[in-house]
Amino acid sequence: MVSESHVFNLMKQYYDGGGIAQLQFDSFNNFLINGLSSIINEEPTITVEISKNRHYNVHFTDVTVDKPYLIEQDRTPSPITPAACRLRDLTYDAPVCVNIREELIENGEIIETKSHVKIPIARIPIMVRSIKCALHGKSESSIIKSGECIRDPGGYFIIKGKERVLITQERA
């Protein structure tokens, strides 16, 4: 049988080693780095038939997620922080971009090729303090200047100005 003091010692080590949000960070960061790419790579080529001997091949490659930014009324992009999203009732999200290559193929020969670099295909909510968060890797003074609490561990999302948490569940 495990002693109560041993259990509390293990819990203390867990919370000191990264805190309760570390599991959330690890999972979300892995999704941003590996998960999105594997989703796109499952169907890397789309073929669109034009006629019997002509078709387009569309290839998606190089998935990237930018840091969160906001497009202002004058159409200029500006970086945004979680605090600004809370104040302005915005979603703290970032664009998911891919490189796209189009090929027009006629009778098995490539007639025309077009490449498009870093085309936004979606926006994804960004977890506060994850690798794509504006606060990631910042100093304490910089975090305070951006309107955040240095004791806030993160691990949650901001949707329409409200903090939202994903609850992890284990099923037997």
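Note that the structure is a prediction, hence the values are computed from the model and not measured.

*Asks:* Which residues make up the environment of threonine 76, and what values go with them?
*Replies:* Here threonine 76 is to be found in the loop between β3 (69-71) and β4 (77-79). Once residues lying within four places of it in the same chain are set aside, the contact partners of threonine 76 are Leu70 and Ile71. One polar contact links threonine 76 to aspartate 74, side chain to side chain, over a distance of 2.6 Å.

*Asks:* Mind laying out the packing of aromatic side chains, listing which residues take part and the relevant values?
*Replies:* Taken as a whole and judged by the stated rule, the model has one aromatic pair. Seen from the ring of tyrosine 69, arginine 123 lies directly overhead, with NZ or CZ sitting 5.5 Å from the centre.

*Asks:* Account for the pairing of strand β6 (residues 109-125), naming residues and giving values.
*Replies:* Where strand β5 (residues 93-106) lies against β6, 13 bridges are found, and the strand directions are antiparallel. Its bridge partner being in β6, aspartate 93 is matched across the sheet by proline 125.

*Asks:* A description of the pattern of salt bridges should follow, citing residues and the corresponding values.
*Replies:* The final tally for this structure, using the stated rule, is eight salt bridges. Linking arginine 123 and aspartate 93 is a salt bridge whose minimum nitrogen-to-oxygen distance equals 3.0 Å. One end of the pair, arginine 123, is in strand β6; the other, aspartate 93, is in strand β5, and 30 residues separate them in sequence. Exposure remark for arginine 123: the relative accessible area of 40% places this residue in the partly exposed category. We note a salt bridge from arginine 101 to glutamate 103, for which the minimum N-O separation is 3.3 Å.

*Asks:* Give a description of unusual backbone geometry that names residues and reports values.
*Replies:* Its identity is not glycine, yet asparagine 107 carries a phi of approximately 50°, on the positive side. Here asparagine 107 is to be found in the loop between β5 and β6. A residue is classified by how much of its surface remains accessible, and asparagine 107, at 56% relative accessible area, is exposed. One non-glycine residue, arginine 129, adopts positive backbone phi at about 75°. Note that arginine 129 resides in the loop between β6 and α4 (140-145). Owing to a relative accessible area of 19%, arginine 129 belongs among the buried residues under this scheme.

*Asks:* Talk me through the pairing of strand β2 (residues 54-65); I want residue IDs and the actual numbers.
*Replies:* Summarising the sheet, strand β1 (residues 45-49) and β2 pair through five bridges and their orientation is antiparallel. Counted as the bridge partner of isoleucine 46 is valine 58 from β2. Across ten bridges, β2 lies against β5 in antiparallel orientation. Bridge assignment links tyrosine 56 to a residue of β5, and that residue is leucine 104.

*Asks:* Go over the nonpolar core with me, naming the residues and quoting the values.
*Replies:* Residues Val65, Tyr92 and Ile126 are the most contacted members of the largest nonpolar core, which totals 28 residues. Sorting the residues of this core by element identifies α2 (22-42), β2, β5 and β7 (157-159) as the ones contributing at least two each. Ranked by residues supplied to this core, first place goes to α2 with five residues. Among residues more than four places away in sequence, those in contact with valine 65 are Leu32, Leu36, Ala94, Pro95, Val96, Ile124, Ile126 and Lys132.

Rules used in this analysis
- Residues numbered from 1 in each chain as written.
- Predicted model: local features only at pLDDT ≥ 70, side-chain atom pairs only at ≥ 80, totals over all residues.
- Heavy atoms only, no water.
- Helix = DSSP H or I, 4+ residues; strand = E, 2+ residues; numbered from the N terminus.
- Contact = heavy atoms within 4.5 Å.
- Polar contact = N/O pair within 3.5 Å; in protein donor to acceptor, adjacent residues only side chain to side chain.
- Phe/Tyr/Trp six-rings, centres within 6.5 Å; stacked < 30°, edge-to-face > 60°.
- Lys NZ or Arg CZ within 6 Å of the ring centre and 35° of its normal.
- Pairing = 2+ DSSP bridges.
- Salt bridge = Lys/Arg side-chain N within 4 Å of Asp/Glu carboxyl O.
- Buried < 20%, exposed > 50% of the residue type's maximum accessible area, 1.4 Å probe, protein only.
- Core = buried A, V, L, I, M, F, W, Y, C linked by side-chain atoms within 4.5 Å.

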